[in-house]
Structure formats: C-alpha cells, structure tokens
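What follows is each chain in one-letter form.
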Amino acid sequence: MKKIYVHPLPVRVWHWVNAAGFVALIVTGLQIRYVGVFDFMPFRAAVQWHNWIGFVLIANFFVWLGFYLFTDKIRVYHPELNPMEHFRGSMRQLQYYGYGLFKGDPNPFHISAYRKFNPVQSMTYQVVMMILVPVQFFTGVVLWDTRMFSGVIEFFGGIRVVDTIHVLIFIFFVSYIIIHAYMGALGHTPSAHYKAMFTGWEEAEETGEARH
Amino acid sequence: MDPALTRNGLENRGNTARLGALIAAFLGLAAAAHTVVAAAPEAKAAAQTVAKLSDADNTCLACHSFEGMEKKFASGEKLSLQVLGASFAQSVHASAGCAGCHADVDVAKHPGPAKKFKTAREHSLAFTGVCRNCHEDKFKLYEGSVHEKLLKSGVDAAPVCTDCHNPHSVKARAALASISGVSCRKCHEPIFDAYAASMHGTARGKLGHSAAPICADCHRAHDIGFAGASDRLKAACLGCHQGVADVHARWLPNAARHLDVIACAACHSPAAERKVDLRLVESGTQARVAEGDGNAELENRLAAADKDGKGIDAIELWNVLREINRDRGEGRTTLRGRLEVRTGVQAHQLADKSQALRTCETCHRQGADPFQNVSVSIIGVDGRPLRQEVQKEVLTSVLSVDSMGGFYAVGGTRIKLLDLLLVLSVLGGLAVPVGHQMLRWMVRRHLRLQAEAARAAAGAAAGGEASGGPSGPGASRAPGK
C-alpha cells in the first residue's frame, strides 16, 4: 500500500462541516415539517437553527468552491466527456461494487491526487455539488425571507412550488447521506476512507496503473 | 362642522324666515289641529330652550314639542312627531331650522291630509332624499356601501340616514361618541356585544380611552364595505398599530409573510376558530376577482364544481381553475389563501396582546384547526364575498402545487405524497447497506459452494485417476474475504 495525499485541508474542513451541517439540517428540517411526529425541540427554535446552519453551510460551500476554483485540483471534477468511456467506467465500477468487491477483486478505479473520483462518484458529486446543493441553498434562502424574495417566489410559481423543490431535494439527501456513509465504509478496510477524510492520505493498492 | 352642511344651512335660513312668518300666522290653527294635551313640564322645557331657535322654529315646536304627537300608518305603526326643543337647539340641524328639511310643509294646509305611506319604513326611505339636499358628499360615500347595496337588493331593513342619525338631535360625529349609543348595535347586536367585551370595547367603554376604536373607526361610517371583501380592515388595524411589522419581526420568523396571509384576529382573538379562505385573485394585481368580471360565470361554475355536494375536492378545484383560466385568459386567475376566523363575532373578540397566540405549533402541524375548514371565494355582484365549501384535503394534495402555489403553511398543509416519498427515501437509503450486505453474503456463499463443488469434483477426479485433467475454472481461485 502506498499513501497518496488526495484530500487537502480546506476540502477536509469543508467536508466535515458540511456533513455535520447536513445532519443538523435534516434533523431540524424534520422537526419543522413534522411537528407532532417528532418533538426534538420547539418549532421556532428549529426554524432558527435551520436558518443559521443553512447560512453557515452556504459560507462553507464557498470554501469548497473557492478552493477548487483557485487551485488546479479542480481537475478532480472534470467530467469524462466521452459518454461511452464514462458508461463503460461506470459499469465496471458497479460490477465491482455488486460482485467483484465480494470476490476480493481489486478496485478497477485507481485513485490519484488529480483523479480521486471513480466514474459513479464523479457523476454523483457533479450533480450534487453543482445542481442539488446550490438549488437547495437558493430555495432555502428564498424561504428564509419570503417578503424580501417575493418576486423570485412569484417567478417560480409561488411559495408552495419553492418549498416543494426544497423538500424534494431534502428527501433525496436523506437517502443520499445514508448511502454515502455506507459506501464510505467500502474501502479496503471499513474505516480506510473515513481515516483518509480526516488525514488527507488515502492508501492505494500498488498496481502501477495509477495515473497522476 | 361639515362645510357643505354649513353652506346649505345658511342658504336655507332665508327660506326658514319666510316660512316662519307664515307658520306664525297659522299658529292657532295648527295647534288646534292636533289633539294633544301638553303636560306642564314638557311645555316648560320647550319654553326654556326655544330662545336659541328662530321664531319660525319655535312656532313649529309650540305643537311638536308635545309628547304624544304621532302619525299613524296603514300598517298600524305609529311614528312619533315629537321634537324636543332643547335637543334640536343643540343639534347640528338647528341652524337649518325646521323648514330646512320640511320645506314641503304647506303651512296653509298643515297638517293637511296624511300622505299615503303604508309603513313607517316606507316613510323613512322616502325622507332619505331630503338629507341628500345638504349631504351629497355623504351620499356619494353611502352609494356602493354594503348598506346601500342591501337596500338596492330589496332588503328594506338595510339602514338609511335616519336609522343611525336622529335628525332632530344629531350632533357632529354623534354616532361615534358613546359606546352605549352606537346605532350599529341595533342590527349587529351579537357582534357589537363581542366588541364591547373585547379589549377595544373595554378600553373605550369602561376605561374611557377615546382613542380606542369603535365600529366606524375600522369599518367606516357611510362607505362601509363587506368585511373580508378587501384588505381595508387590515389597513385599519395597521393605521393605529404602527410599527407592527417590526414588533412581530422580533420574534416571528417571516413576520411580513404572516402579516400578509393571516387576518389579525386569527391570532389576536385567541378563542376563535380559524379557517382558510382561498380567494380567487388576478395573478398580477392580486385584486379579488368579482362575478361577471371576465366573461366567466364564476359563482355557477364554482357551485357546479362540487359534484357530490361534499365540497370541492382537489381534482375538481384544479379543473375549475383551468376552466376559469381558459375563459378569463390563461394564467390570469389564481388562488390566494388567507387564514381567517370563522365568524364575525369571533373577529371582534380581540384580546389583550398578552393573550395573542404565539405558539407556532398551533398552525404548523398536521391536523391544525385552521386547515379543517376551507372555502374558495369570489366577490359577488353585490360586493359580498361568495364562498363555496372546499374539502380540506385540497391543502395537502399534490395538485395544490399547481392550483394554490401561493399558499402554504409549513407542516399544516404539507403534501402527503411528499411524506410517502420521504418514507421511501429512508427505506431506500437503508435498503442499500442491507441489500448490499445480503448480496455479499449470497455471492460469497455461491462462490464457496462453487469452490466446494470444484474441490469435490477434483477429489473425485483424483480418486479415479482414469478420468484425469483439471476440474474447471472455479477450482483455481478461492473467494476473497
């Protein structure tokens, strides 16, 4: 096993703040939407916490965005432009998760500092970070002050429309965060990726195929 | 005093003087024509106050100040013709004098034959035109009011001038002066009593705070509209309670939105039951849509939408909105939801602000009281809101995203389909690790069995060497961990 530094400090800070924030937003979001079903805290406190945590995560998003915009590490988010290549890579990865992993086959994807996402991760994170998270922040800010953003709300068809978008993405993130946490435990040991997300260093198999 | 009244009053004084001379000449005749015996005290009272009035008016009062002077109608009703000189002398009409209003009286023939009024009401309605001679401005306000519209629609009991103002004792703003004398109570007793017991009524009545509002302060006097037909009432609240937006914003998230969508009484009348009124409005201006506006028979259409008589359901509401938009112009008409109290009495039971609702959970939970009673409304041809019952499930239907995109209360009107999706999301999320681990177990079991079978086959082959050769591809590799 060789060690590769794939998660720079700003990314690690962003990731864990985001992770804790997402959990807190899900908990307070559940409380806001399901008074009576859940009673963790008073409704008003849940709304206030939800708003503040939301703003912290928006600021945190710009830590992530700033890091990738102002360093060459943005290459990790460059999409595979050849659809057939992307499809083949995704199939290989899914076949690994669904079968090869159990057999003890090596991961078909080889991590490097500039290519740290396998094709499935790459597609998922692009959708999450460039569409879903920004849309969720946008709808959240709009719902935070409906008078200030009344024009925007009307443009999108009304407060119920904006809220429904916010809730649909929330519903997606609930399952996403469960699956994300589980797949994080599918490294060569269950804690390998977790450790790497704290230290920055991933342990990679020495295959000689890793591209830098 | 009203400038118009003053001007007209002065003009009338010339007529009064001329008429007064004639009346004086016929004093004996007039007195004899009535079969009224004056009691000494009344006569004394009249004599004490007439000095403030013109001679002509005193002449009239010489008869009309006596108790018992009355007119009989065909219906058997009686109308008192007594005018107390003291009250009249202090009224705003004193300057106009008797003849200012009773110019039709022919003193030569007075009292003359009775006019053919069947009822006292008919008489009052006929005399309303006299008020207009001086009070044209008030009449213009009255026209288009709820009272005038009711009168025009054939409701004879709808009030005219004399129902609120006694013409022989009327003082400036007298109708507003005292809580006990408010004329509105005659018709709106339950509502008035609720008001009188409210913090506004208590402040004005018992505590004597003249700044505390009475009926006309919120509803206006002559141009009174249908409560709930416009945002006028809210403007009345905010007119006195300035800075309310800031006060609410200190503790209430999205305070401005709450103030836009919720009637003040919904929280400040804590004992009230609440409801949702889905108002049909113009998409752009948010003005309420009225019957006959835009070639759509809205009232009939809304009534017809409720096919089973149980209230309009989500699909029916969605369909009728589509039809209305097809007729009135695509996208022109939309629904604006408002949270209100259910009755006029409840709307007036305003409590001290310390008792106002501050608990978010009162509304922001499934099954909350305001969302159990829903209506859709338009403004009818007479200016009154016309409401059609709507099933409460429309608020939680997925169709509401389209039909009432502008109305949403977190938790209280949440869409049920989204609840189902959330449950599926959680189950789906949990199914991935569980399913993946099961798949792992099955794959490994399969591989193990395959390997065992291969080993057995290899063993068998080794035992019977005659067959010879490798046993198969699975034999060469053991499953991973």
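The present account deals with the structure reproduced in this document. The model shown is predicted, which means the values in this text are computed figures rather than measured ones.

1. Some thoughts on the overall build of chain A
Argument step 1. The secondary structure content of chain A amounts to 7 helices and 2 strands.
Argument step 2. The N-to-C order of helical and strand elements in chain A reads β-α-α-α-α-α-α-α-β.
Argument step 3. When the backbone C-alpha atoms are referred to their principal axes, chain A occupies close to 60 × 35 × 30 Å.
Argument step 4. The burial tally for chain A puts 46% of its 212 residues in the buried class.
Argument step 5. Of the roughly 10900 Å² of accessible surface on chain A, a fraction of 69% belongs to carbon and sulfur atoms.
Argument step 6. Distance from the positive charge centre (16 side chains) to the negative charge centre (13 side chains) of chain A: 2 Å.

2. Focus on the environment of Gly140(A)
Argument step 1. Counting through the fold element by element, Gly140(A) comes out in helix 4 (residues 119–144).
Argument step 2. Gly140(A) sits in the partly exposed class, given a relative accessible area of 23%.

3. Observations concerning the packing of aromatic side chains
Argument step 1. Summed over the entire model, instances satisfying the criterion amount to 24 aromatic pairs over all chains.
Argument step 2. Taking the centre distance of 5.4 Å and the plane angle of 20° together, the rings of Phe38(A) and Phe40(A) count as stacked.
Argument step 3. On the basis of relative accessibility, which here comes to 47%, the residue Phe40(A) falls in the partly exposed class.
Argument step 4. Between Phe61(A) and Phe62(A), the aromatic rings sit 5.8 Å apart at their centres with planes inclined by 85°, giving edge-to-face as the arrangement.
Argument step 5. The residue whose ring lies beneath Arg358(B) is Trp251(B), and the NZ or CZ to ring-centre distance is 4.3 Å.

4. Topic: the interface of chain A and chain B
Argument step 1. Contact residues are listed per partner, giving 42 residues for chain A and 44 residues for chain B.
Argument step 2. Both faces considered, chain A and chain B share a buried interface measuring about 3800 Å² in area, 62% of it formed by carbon and sulfur atoms.
Argument step 3. Its largest share of buried area at the contact with chain B, chain A owes to Phe102(A), Arg160(A) and Tyr182(A), together 23% of the area lost on that side.
Argument step 4. Counting across the chain A and chain B interface gives 2 salt bridges.

Rules used throughout
Residues numbered from 1 in each chain as written. Chains lettered and ligands numbered in written order. Predicted model: local features only at pLDDT ≥ 70, side-chain atom pairs only at ≥ 80, totals over all residues. Heavy atoms only, no water. Helix = DSSP H or I, 4+ residues; strand = E, 2+ residues; numbered from the N terminus. Buried < 20%, exposed > 50% of the residue type's maximum accessible area, 1.4 Å probe, protein only. Areas by Shrake-Rupley, 256 points an atom, 1.4 Å probe, with all protein chains shown as cover. Lys, Arg positive; Asp, Glu negative; His and termini not counted. Charge placed at Lys NZ, Arg CZ, Asp CG, Glu CD. Phe/Tyr/Trp six-rings, centres within 6.5 Å; stacked < 30°, edge-to-face > 60°. Lys NZ or Arg CZ within 6 Å of the ring centre and 35° of its normal. Contact = heavy atoms within 4.5 Å. Buried area = accessible area lost by both parts, 1.4 Å probe. Salt bridge = Lys/Arg side-chain N within 4 Å of Asp/Glu carboxyl O.

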